[in-house]
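An overview of the molecular structure
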Amino acid sequence: MRIRLRYLGDIPLLFQTLKQANAQPDGHPESRRDSARRSMSGFLADSALLSEDGFARIEAVHRSSGEPIEVIATRLGMVSEQALQDALARATGLAIVPAPERALPCEPPMPIAFLRDIRAVAVACSDEAVTVAVADPFDPFVASAFASAWRRPVVSVLARATD
């Protein structure tokens, strides 16, 4: 799929097109993201961060609310964001970005609501790549969205969702 952006106002159209392209045949726009949730779910289930009962409780809340499973785990106090981030770094091999470095501006700007939704932000840009701080390293939509917007490879690093 190739989309041409003539000006920055076309960026919302790009994201709408990407969401449609990532939807499964049933047309449900969250289908691809649900598969990413299963990956985070699998990570949390396999990690020693949660008890079996705690994980079952989190999954029940996830099924009824649709919230990301890791957000529920931290909101309920079953795992701290720092412990989750450290475990993700060990499991994925991704670097953790220190909080002060996360505010670097990169062009083209992406809508703030979209960045909050995918819980990611570009923290460094070069001619070779764009570095993106992500809260969920298992979500394939994030890298594809940033790669499409910047037309260059994406290097992911970890960040906490609340940073």
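Definitions and limits used
- Residues numbered from 1 in each chain as written.
- Predicted model: local features only at pLDDT ≥ 70, side-chain atom pairs only at ≥ 80, totals over all residues.
- Heavy atoms only, no water.
- Helix = DSSP H or I, 4+ residues; strand = E, 2+ residues; numbered from the N terminus.
- Buried < 20%, exposed > 50% of the residue type's maximum accessible area, 1.4 Å probe, protein only.
- Contact = heavy atoms within 4.5 Å.
- Areas by Shrake-Rupley, 256 points an atom, 1.4 Å probe, with all protein chains shown as cover.
- Pairing = 2+ DSSP bridges.
- Polar contact = N/O pair within 3.5 Å; in protein donor to acceptor, adjacent residues only side chain to side chain.

Notes on the overall build of the protein chain
- Across its full length, the protein chain carries 7 helices and 3 strands.
- Along the protein chain, helices and strands appear, N-terminal first, in the series α-α-α-α-α-α-β-β-α-β.
- Taken over 163 residues, the protein chain has a buried fraction of 38%.
- Partitioning the contacts of the protein chain with sequence separation of at least 6, the portion at a separation of at least 24 is 61%.
- Of the accessible surface of the protein chain, which amounts to about 9000 Å², a share of 53% is contributed by carbon and sulfur atoms.

Looking at the pairing of strand β1 (residues 120-125)
- Bridge count for β1 against strand β2 (residues 130-134) is 5 bridges, and the pairing is antiparallel. Along β2, the bridge assignment pairs Val121 with Ala133.

Focus: the side chain of Ser47
- As for its placement among the helices and strands, Ser47 is situated in the loop between α2 (31-46) and α3 (52-65).
- The class for Ser47 is buried, based on a relative accessible area of 15%.
- A polar atom in the side chain of Ser47 sits 3.0 Å from the backbone oxygen of Leu44.

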